[in-house]
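Structure assessment
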Amino acid sequence: MLVLSRRPYESFRIGHDVVITVLEVNGDKVRIGIDAPPQVQVHRQEIYDEVQRANADAAAASPSATTDLARAVRGATKGLPASAPASDADAASGADVVDGPGSPEN
Amino acid sequence: MTMVTIDAPTSTTLPVAHFAEGLVGFPDAHDYALFGGEGGVFEMLPTDDAGPGFVVAAAAVFFPGYHPVLDDATAQRLGLDDAGDALVLTIVTVGADVSVAHANLLAPVVVNTRTGRAEQVVLSGQDFPLRTPLGAN
């Protein structure tokens, strides 16, 4: 692993078009700004890992699962609507700021 | 862009879904065909043997109150100008007993039904669950 030391508002660049900037260091929390082209996806590592595990579990389903599932859901009650409100949080505009897990946005 | 609820199409009306980046953890398979669709449940199988298949459920059928927001970069990658072109599919994990099935609302598959461009979108900051019962009980 390449290790670099940076102070707040110092940046480094990955390739030609990804710029990572340290915005703030506060105790055990670091705020990072990421400027990347739209085709580059940025994920929090732990969320990405969770999704990867869920996909691996889903992929393990037997080939006949769809048929069985379709039969099971036919006439069954619909799923509960998701209650979480949709928001424009994290909508990309300029530098995207990624906070640590569970930390409130300022 | 807020996803709207559209009627779930059947597989005959859908193009092959092309995932430029593959699915999370399965980067090698890029093209998936959707089969079935009755009752909102599809089998999503790679057109080659580059990865596993998945069971997916149309969000519009199973989760009508689910309206994830795509950020501009994602909408741009998918070439989505009109939310009505987006088919939102949730990847389903089927347990040993098919009555125990969970859908992933945190990272749905979004397909541009006009072009076939598709992506598994990891939704950040919207508090959607990774595992929600599909209600197939």
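This text follows the structure it describes.
The paragraphs below set out a description of the structure included in this document. From a predicted model like this one, the values you see are computed outputs, not experimental measurements.

1. Comments concerning the overall build of chain B
From N to C terminus, chain B includes 2 helices and 8 strands. Its helices and strands in sequence order give chain B the pattern β-β-β-β-α-α-β-β-β-β, from N to C terminus. Taking 14 Å as the expected radius of gyration for a compact globule of 137 residues, we find that chain B reaches 14 Å, a close match to that expectation. Buried positions account for 55% of the 137 residues belonging to chain B. A fraction of 57% describes how many contacts in chain B between residues 6 or more apart in sequence connect residues 24 or more apart.

2. Observations concerning the environment of B:Pro64
Residue and element names in this part refer to chain B. Examined against the element boundaries, Pro 64 turns out to sit in the loop between α1 (59-62) and α2 (72-78). When its relative accessible area of 39% is taken as the criterion, Pro 64 is described as partly exposed. Distance from Pro 64 to Leu 78, taken between C-alpha atoms, is 22 Å for residues 14 residues apart in sequence.

3. Details of empty space enclosed by the protein
Inspection of every chain in the model, using the stated rule, returns 2 cavities of 30 Å³ or more. Contributing elements (two or more residues each) for the lining of the second largest cavity: α1 (45-59) of chain A together with β5 (86-94) of chain B. Of the residues forming the lining of the second largest cavity, the biggest block, 3 residues, is contributed by α1(A). Taken together, the residues of the lining of the second largest cavity break down into 4 nonpolar, 3 polar and 1 charged.

Cut-off values and rules
- Residues numbered from 1 in each chain as written.
- Chains lettered and ligands numbered in written order.
- Predicted model: local features only at pLDDT ≥ 70, side-chain atom pairs only at ≥ 80, totals over all residues.
- Heavy atoms only, no water.
- Helix = DSSP H or I, 4+ residues; strand = E, 2+ residues; numbered from the N terminus.
- Rg over C-alpha atoms; globule rule 2.2 N^0.38 Å.
- Buried < 20%, exposed > 50% of the residue type's maximum accessible area, 1.4 Å probe, protein only.
- Contact = heavy atoms within 4.5 Å.
- 1 Å grid on protein atoms, 1.4 Å probe; cavity = no way out; pocket = protein on both sides within 12 Å on 5 of 7 lines; lining within 4 Å.
- Points joined across faces, edges and corners; volume = space filled by probe spheres on them.
- Nonpolar A, V, L, I, M, F, W, Y, C, P; charged D, E, K, R; others polar.

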